Structure formats: C-alpha cells, structure tokens
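For reference, the chains in residue letters:
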Amino acid sequence: MKAMQQIWQVAALIPAGKVASYGQIADLAGLPGRARLTSKALKAAPKSLQLPWYRVVRSSGQIAFPKGSEHAIAQYDHLIGEGVLVKSMRVRMAEYQWQPDLNTLLFELNF
DNA sequence: GCCATGACTTATT
DNA sequence: TAATAAGCCATGG
C-alpha cells in the first residue's frame, strides 16, 4: 500500500477533541521521520475521504498555516467547534495531543 | 543527478 | 516563548 494511503488511514482515526502532530501521524503509519510526507498526503487527500486534517498540527501545537489564511481560519474554527482551546494559533499539546490505544490502532488498521 | 521547495522537527540561544 | 539553524525527504524542473 502506498505511504500516503497509510497516512490517510491513521489520520482518519484521530478522535474529535484531540489533535496529532505531522510527525506523530507518520510514525503511527510506520513512516518515522516522514512528517513532511504527512503534509503532502493531507494536501493530496481526496475530499471524498473527509479526513479530519484540521486535527493535525505541528509538534509545537502550532497551526501550520500562516495566520489569517483561509486554511488557518478554517482549522481554528473546526478545533474550537470540537472543544479544543486554541490560543494564538496554537493548542496545548500536553492536554489535547491524541494518545492512541495500541490495540485499537492495530484493530482499526486491520493489521 | 543537482537544486529549490514545503500543511515538518529538533536542538540551540 | 520566540527566532535560527540544520536536518529531513518526496516532488518537480
């Protein structure tokens, strides 16, 4: 299976009200060190998949788009809508970072 | 194959 | 916390 599709599968599992970093997604998808590939994958993801791309942020918790851009606004709105507090275009990772249950992860990914 | 680019990360100041 | 720098790797010219 293509690397991008694995990323899509993992990204689809992020629960509402939580966020994950690009690097984290890559790791969970079995692609350590491919954070930048995660960004590519999300950008290239077909709309039909309806991926929660807005639950993916930088390792620092910062939204990856320039402040004021359409994407940044959309991401901000979505997160706020799910109860994630966003301060100065960043969330508190200590509180909101997704901590996937390994069993659930393996099950969902059909390994 | 070399070079630039980017929805990144980590270490350093 | 913010700014830099260096590392990273798939893509496209």
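Residues numbered from 1 in each chain as written. Chains lettered and ligands numbered in written order. Predicted model: local features only at pLDDT ≥ 70, side-chain atom pairs only at ≥ 80, totals over all residues. Heavy atoms only, no water.

Novice: Explain the overall build of chain A here, please?
Specialist: Within chain A, the secondary structure is distributed over six helices and two strands. Helices (α) and strands (β) of chain A occur, in sequence order from the N terminus, as α-β-α-α-β-α-α-α. If one aligns the C-alpha atoms of chain A with their principal axes, the spans along those axes are about 40 × 25 × 25 Å. With 111 residues in all, chain A has 35% of them scored as buried. Summarising the internal contacts of chain A: among those between residues at least 6 apart in sequence, 62% fall at separations of at least 24. Chain A carries 13 positive and 7 negative side-chain charges, and their two centres are separated by 10 Å. (Helix = DSSP H or I, 4+ residues; strand = E, 2+ residues; numbered from the N terminus. Buried < 20%, exposed > 50% of the residue type's maximum accessible area, 1.4 Å probe, protein only. Contact = heavy atoms within 4.5 Å. Lys, Arg positive; Asp, Glu negative; His and termini not counted. Charge placed at Lys NZ, Arg CZ, Asp CG, Glu CD.)

Novice: How do you make sense of the protein's contact with DNA strand C when you look at a structure like this?
Specialist: The local shell around DNA strand C consists of Gly33, Arg34, Arg36, Leu37, Lys40 and Arg90. Near the protein, meaning within 4 Å, the atoms of DNA strand C are sugar or phosphate in a fraction of 62%, with bases accounting for the rest. Arg34 is positioned with one of its side-chain polar atoms (N or O) 3.4 Å from a phosphate oxygen of DNA strand C. In the model, a sugar or linking oxygen of DNA strand C is placed 3.4 Å from a nitrogen or oxygen of the Lys40 side chain. Classifying every residue of the surface near DNA strand C by side-chain character gives one nonpolar, one polar and four charged. (Near = heavy atom within 4 Å. Polar contact = N/O pair within 3.5 Å; in protein donor to acceptor, adjacent residues only side chain to side chain. Nonpolar A, V, L, I, M, F, W, Y, C, P; charged D, E, K, R; others polar.)

Novice: Which parts of the structure should I look at to understand the packing of aromatic side chains?
Specialist: On inspection of all chains with the given rule, the structure shows two aromatic pairs. Between Trp53 and Tyr54, the ring centres sit 5.8 Å apart and the planes meet at 80°, which makes this aromatic pair edge-to-face. Its relative accessible area of 13% is what places Tyr54 among the buried residues. Relative to Phe65, the ring of Trp53 has its centre 6.3 Å away and its plane inclined at 85°; by these criteria the two rings are edge-to-face. (Phe/Tyr/Trp six-rings, centres within 6.5 Å; stacked < 30°, edge-to-face > 60°.)

Novice: How should I be thinking about the protein's contact with DNA strand B in this particular structure?
Specialist: Neighbouring DNA strand B are 13 residues, the closest being Tyr22, Gly23, Arg36, Arg58 and Ser59. The sugar-phosphate share of atoms of DNA strand B within 4 Å of the protein amounts to 41%. The contact in question runs from a phosphate oxygen of DNA strand B to an N or O atom on the backbone of Gly23, over 2.9 Å. One of the side-chain nitrogen or oxygen atoms of Arg58 is found 2.8 Å away from a phosphate oxygen of DNA strand B. Those elements that place two or more of their residues in the surface near DNA strand B are α2 (22-28) and α3 (35-44). With five residues, α3 is the single largest residue contributor to the surface near DNA strand B. Looking at the surface near DNA strand B, its residues break down into six nonpolar, four polar and three charged.

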